[in-house]
Every structure is written in structure tokens, then in C-alpha cells.
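# Fold and geometry: a report
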Amino acid sequence: MRSGVFSDFKIFAGNSHPELAEKIANCLGKPLGKATVTKFSDGEISVNIWESVRGLDVYIIQSTCNPTNDNLMELLIMIDAMKRASAGRINAVIPYYGYARQDRKAKARDPITSKLVADLLVAAGADRVVTMDLHANQIQGYFDIPVDHLIGMPLLANYFKKKNMEDLCVVSPDHGSVTRARNLAEILDCPIAIIDKRRPEPNKSEIMNIIGNIDGKNCIIIDDMIDTAGTITNAANAIKELGAKSVSAAATHAVLSGPAIERIKDSAIEEMVLLDTVPLAEEKELDKMVHLSVAPLFADVITKIYTNGSVSKIFDKE
């Protein structure tokens, strides 16, 4: 890996989330680097870098969200362009890491696509990855380069802490989110409950049981991502029917595909707090949604990386 002291750093962005890239650049007091990412008429991606990056510390901001394959290819080609332009170090800043759900062989002949994407990023020339709330923590181990895994939960916790809500209970929508729910509950000083669900097929879930007391509580359901919103809306409806006073939801990645918006609109969720790792189209906006930006956090981390500071200290002060 190329490392050392760099004279300066530059920030570039692909087409996945230019608004977030602009916010991060503004937090750092830097303009976005001059680059264009377009397509040929047959769909091939074309990348042009219009300024020198020789010997510099380069940060490419690109969420691999929908359209996932296009955004991933844009990132890979931008990394390759930087490598061939003799960048000093290439940092892939991926607020939302696509293919993270395919992190293991759940049944015979399954691919482990998270590992494949990690290999592609390393092969393209990335020296470091900065990402947030991976669907599975072990994905960090799929890389042979440093990975800074940021946590969105403190941003969500600060929001709810300022509301001074009483009779709180944090609800984990499944067993996989228990640690996240427990950490939020510790900050808010409240109990947790766990939804016991099963998933008969991808993007479908069924509530089996609720572990914990949610009767008369103001419940907050927390998850790392909301895709079709089946899990979180089923959980919200179930706990409301079982006596919850109110139901809020919080998540880092607002993927919101397929029937997600209709499900959220018709659900018992009164407020949904989302981070902006994924761009949200205007037609998907609902009055019950609240958006918090991750830009200041990513800007702090980029500063720490560039100055060889400790990234963990950012979380120590949360």
C-alpha cells in the first residue's frame, strides 16, 4: 500500500450521490475535484479526470446504491484512473456498501459477493476503504487493505436524546440488529425488545414473537438499512397492536426499493429518522421522514486519515 506524508488531498465524486460529496467537500473547505463520469451510447462508462493528482492523497466518494452495478463500475474505473495518474494514495469512500447482504453461504452454491466486491476494489487499486454500517461486520476482514468502518448509530442517538422522550424502549427488528439496539438503548438509558422473525424468501419477513415488554412504551425500531421496508413495517405494526404507545424508526441506509414507500406510509411508524448515505428521490419523500447528514462525520474521518490521526477518537467523543 502506498502511504506516507502527502502535500495535499483532493476529493472526487462519481454520479451516485453528488449532493453528499458536495456537503463533505464543503465541510472540509475544499472544492470537488474536476472529473466527469459519462457513458458511451452502448452503456460503457467513461471517466475523465481533468486535474493532476500525482502524489496526492485522493478520496473518491461513491455509494454503491441503485443502480448498484453502474455505481460500482464507476468507482472501479475512477480508482483505476487515479492509479494510472500516479495518485499517492487512493481512498474509496463508500457511505453505502452494496452487495453487503451477500456476506456468507446461506445455502449450497451461494456466492459470497461481498468478498468479490472487496477483491475488485483492491484489484482496481484502492489503498483504503471508508464505509458506514456494513450489513455484517466481518466484511471488514474481506479486504487486504485498511477499512475504516464508521457507525451511524451515535448520530441517530443524539437526535432521539434531544427529544427527551419518556417510557422509551428500543426495538431490534431481528436478531442481527440486537447489538445495534443495545448500544442505542445504553445511550438512551432504556430497555430493549427483540423481534423474532423468519424470512421465507429474500425481501420477505414474518413476525414470529416479541421478546421484551413494549406495552405502553414509546418504541424506537433501529436497523442498518431499509430496503423494501417489510421487516421494519411488520415490526412497527406488530408492536403497535401489542400496546406500544408510539412507534418511531431509525436507519442508516434508506435504500427504499419496490413497495417501501407505500408500506411506510401505511404503517404504524409515526416518525422515520434516516441518514443520507443513499440519495432519496423527491417522490420518495414522506412528511414522517427526518434526514440527518453524515457529511460532517465523513469530513472528520477524512481529516484524521490525511493527518495520520486516530479515527477511533472521533467515536470516543460521541
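Bear in mind the structure is a predicted one, so any value in this text is a computation, not a measurement. (Residues numbered from 1 in each chain as written. Predicted model: local features only at pLDDT ≥ 70, side-chain atom pairs only at ≥ 80, totals over all residues. Heavy atoms only, no water.)

### Digging into the overall build of the chain
What the chain contains, in helices and strands, is nine helices and 14 strands. In terms of overall dimensions, the chain is globule-like: its C-alpha atoms have a radius of gyration of 20 Å, near the 20 Å expected for 318 residues. The 318 residues of the chain split such that 53% are buried. Long-range pairs, those at least 24 residues apart, make up 64% of the contacts in the chain between residues at least 6 apart in sequence. By element, 48% of the accessible surface of the chain is carried by carbon and sulfur atoms, the whole surface being about 14,500 Å². Treating the 36 positive side-chain charges of the chain as one cloud and the 42 negative ones as another, the clouds have centres 4 Å apart. (Helix = DSSP H or I, 4+ residues; strand = E, 2+ residues; numbered from the N terminus. Rg over C-alpha atoms; globule rule 2.2 N^0.38 Å. Buried < 20%, exposed > 50% of the residue type's maximum accessible area, 1.4 Å probe, protein only. Contact = heavy atoms within 4.5 Å. Areas by Shrake-Rupley, 256 points an atom, 1.4 Å probe, with all protein chains shown as cover. Lys, Arg positive; Asp, Glu negative; His and termini not counted. Charge placed at Lys NZ, Arg CZ, Asp CG, Glu CD.)

### Quick look at the packing of aromatic side chains
Under the criterion given, the structure shown has four aromatic pairs. On the basis of an interplanar angle of 65° and a centroid distance of 6.0 Å, the ring pair of Tyr97 and Phe143 is categorised as edge-to-face. Residue Tyr97 is located in the loop between strand E5 (89–94) and helix H3 (113–124), and its partner Phe143 is located in the loop between strand E6 (128–132) and strand E7 (147–150); the two are separated by 46 residues in the primary sequence. Pair check on accessibility: Tyr97 and Phe143 agree, each one buried. A ring pair is formed by Tyr159 and Phe160, whose centres lie 5.3 Å apart and whose planes are at 85°; its orientation type is edge-to-face. A cation over an aromatic ring shows up here: Lys30 above the ring of Phe9, its NZ or CZ 4.6 Å from the ring centre. (Phe/Tyr/Trp six-rings, centres within 6.5 Å; stacked < 30°, edge-to-face > 60°. Lys NZ or Arg CZ within 6 Å of the ring centre and 35° of its normal.)

### Quick look at the layout of surface pockets
Of the voids in this model, the second largest pocket is the one considered here, and its volume is about 420 Å³. Along the walls of the second largest pocket sit 22 residues, with Cys65, Asn66, Thr68, Tyr96 and Val255 positioned nearest its centre. Residues that form the lining of the second largest pocket fall into these classes: eleven nonpolar, eight polar and three charged. (1 Å grid on protein atoms, 1.4 Å probe; cavity = no way out; pocket = protein on both sides within 12 Å on 5 of 7 lines; lining within 4 Å. Points joined across faces, edges and corners; volume = space filled by probe spheres on them. Nonpolar A, V, L, I, M, F, W, Y, C, P; charged D, E, K, R; others polar.)

### A word on unusual backbone geometry
With omega at 0°, the peptide bond leading from Asn66 into Pro67 counts as cis. Topologically, Pro67 is positioned in the loop between strand E4 (57–61) and helix H2 (68–84). Non-glycine residue Tyr99 carries a positive phi angle of around 70°. Relative to the elements of secondary structure, Tyr99 occurs in the loop between E5 and H3.

### Examining empty space enclosed by the protein
Gaps between atoms show up when a probe of the same size as a water molecule is rolled over them. As enumerated under the stated definition, the model contains one cavity of 30 Å³ or more in all. Surrounding the largest cavity, Tyr96, Tyr97, Tyr99, Ala100, Arg101, Met132, Asp133, Leu134, His135, Asp224, Met225 and His253 form its lining.

### Here we look at helix H5 (residues 178–188)
What H5 keeps buried is the set Val178, Arg180, Ala181, Leu184, Ala185 and Leu188. The buried residues of H5 all sit within an arc of 160° when viewed along its axis, so they share a single face. Exposed positions of H5 whose direction lies more than 90 degrees from the buried face are Thr179 and Glu186. One or two positions beyond H5, positive phi appears at Asp189, with a value near 55°. (Arc of directions from axis to C-beta.)

### Side note on the nonpolar core
Counting residues in each nonpolar core, the largest one holds 43 residues, and the members touching the most others are Ile24, Leu150, Val170, Leu184, Leu188, Phe298 and Val301. With eight residues, helix H8 (residues 295–306) is the single largest residue contributor to this core. Once you skip the residues sitting within four places of it in the chain, Leu150 turns out to touch Val130, Thr131, Met132, Asp133, Leu297, Phe298, Val301, Val311 and Phe315. (Core = buried A, V, L, I, M, F, W, Y, C linked by side-chain atoms within 4.5 Å.)

### Here we look at H2
In a regular helix each residue adds 1.5 Å, so 17 residues correspond to 24 Å; H2 covers 24 Å between its end C-alpha atoms and thus fits that length. Of the positions making up H2, those classed as buried are Asn71, Leu72, Glu74, Leu75, Leu76, Met78, Ile79 and Met82. Elements that come into contact with the buried residues of H2 comprise strand E1 (9–13), strand E2 (35–39), strand E3 (45–49), E4, E5 and H3. Remark: Ser86 follows H2 within two positions and exhibits a positive phi of approximately 65°. (Expected span 1.5 Å × (residues − 1).)

### Considerations on the state of the cysteines
Taken as a whole, this structure holds zero disulfides when the rule is applied. Residue Cys65 stays outside any disulfide, its sulfur separated by 19 Å from that of Cys27, the closest cysteine. Note on Cys65: relative accessible area 3%, which makes it buried. Note on Cys219: no disulfide assigned, nearest cysteine sulfur contributed by Cys169 at a separation of 4.9 Å. (Disulfide = S-S within 2.5 Å.)

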